[in-house]
Amino acid sequence: MFKSLFTMLLAVFSLCLASPANSAIINIIDDYTSAHAQVTYDPGAVSNPGTTLSTFSGPLFPSALFTGYTLVSERTAIVPIDDAYFYTASYGVVNDAFLSYEYYRFSIVLGNLTSSVPGATGNASAETDLNLRFQVMEGDSSMDLYAAMEGASPVSLTLFDETAGVAITSLAPYFDHEAAYEVTLFDGHIYSLTGSLYAFTHVSGDPASNFGFKFYDELAVAAVPEPRQW
């Protein structure tokens, strides 16, 4: 059921893996991501109406090492016909963040495991919001970004140079397309990276979307100043 966008992005990964590393440091200043995966069956003829919800909130680089997450929500509805027969309908949602080909990937996939069943109404949804601020230290650096959309599932990834006060890029591909961008990061500049994924479906279809980014230098977490330095 769940579709994959690895094939669409293979060319992007191949090009990026050949890029040389620099000697700068990516100093993480702020790091917060929230995500959910939810499946709901409405009250009615189904045997088990209700909601299955998985959530994540917090930093993904608590010690400059990526932790990631995997949220899975599944729910099956049984619709009785008579004493001997019944219909079965199921939803499945996967929302995850993981490291692949040196990319930090964020992906959501929704699906209906069976055809529409009379009396079994509900929905599945997933959402991810990434907020990451970092400063480049000890030399210029670079990073790669991509975003891909499959079906009617909006995706966006925006990089903003706070020091220069300019938006570097904003990736928001349309239906069944992907976008990629290679960025030069300047020494001493502070950047904010925001990413968003959203998908919603009723009893049919399996929308999906994902985005990712890759740093070419070592990550570090900004040191908290002593009280006398505040």
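A brief look at the structure comes next. Model, not experiment: these values are computed from the prediction.

Rules and cut-offs
- Residues numbered from 1 in each chain as written.
- Predicted model: local features only at pLDDT ≥ 70, side-chain atom pairs only at ≥ 80, totals over all residues.
- Heavy atoms only, no water.
- Patch = residues over 30% accessible without salt bridge, like charges linked within 9 Å, V, L, I, M, F, W, Y side chains within 5 Å.
- Areas by Shrake-Rupley, 256 points an atom, 1.4 Å probe, with all protein chains shown as cover.
- Salt bridge = Lys/Arg side-chain N within 4 Å of Asp/Glu carboxyl O.
- Helix = DSSP H or I, 4+ residues; strand = E, 2+ residues; numbered from the N terminus.
- Buried < 20%, exposed > 50% of the residue type's maximum accessible area, 1.4 Å probe, protein only.
- Lys, Arg positive; Asp, Glu negative; His and termini not counted.
- Polar contact = N/O pair within 3.5 Å; in protein donor to acceptor, adjacent residues only side chain to side chain.

Quick word on a nonpolar patch on the surface
Side chains of I81, Y85 and Y87 sit close together on the surface and give an oily, nonpolar patch of about 340 Å² of accessible area. Tracing the sequence through the fold places Y87 in strand β4 (residues 86-100). Note on Y87: relative accessible area 41%, which makes it partly exposed.

Considerations on unusual backbone geometry
We note that A64 has phi near 70°; this positive angle belongs to a residue other than glycine. Classification of A64 by relative accessible area gives buried; the value is 14%. Even without a glycine there, the phi angle at E138 is positive, about 65°. With respect to the element layout, E138 can be found in the loop between β6 (122-137) and β7 (141-150).

Regarding the pattern of salt bridges
Oppositely charged side chains are able to pair whenever their charged atoms sit close together. One pass over the full model with this rule turns up three salt bridges. For the salt bridge of R133 with D30, the shortest nitrogen-to-oxygen distance reads 2.6 Å. Here the residue R133 occupies a position in strand β6, and D30 occupies one in strand β1 (residues 25-41), the gap between them amounting to 103 residues. According to the relative accessible area criterion, R133 is partly exposed, its value standing at 25%. On the basis of relative accessibility, which here comes to 37%, the residue D30 falls in the partly exposed class. One connected set of salt bridges, linked through shared partners, spans D30, R133 and E162.

Structural notes on the side chain of D217
When you line up the elements, D217 lands in the loop between β12 (208-215) and β13 (218-221). Within the buried core, D217 has no salt-bridge partner, and the shortest N-O distance to an opposite charge, that of K214, equals 11 Å. Here S141 takes part through its side chain, which lies 2.4 Å from a polar atom of the side chain of D217.

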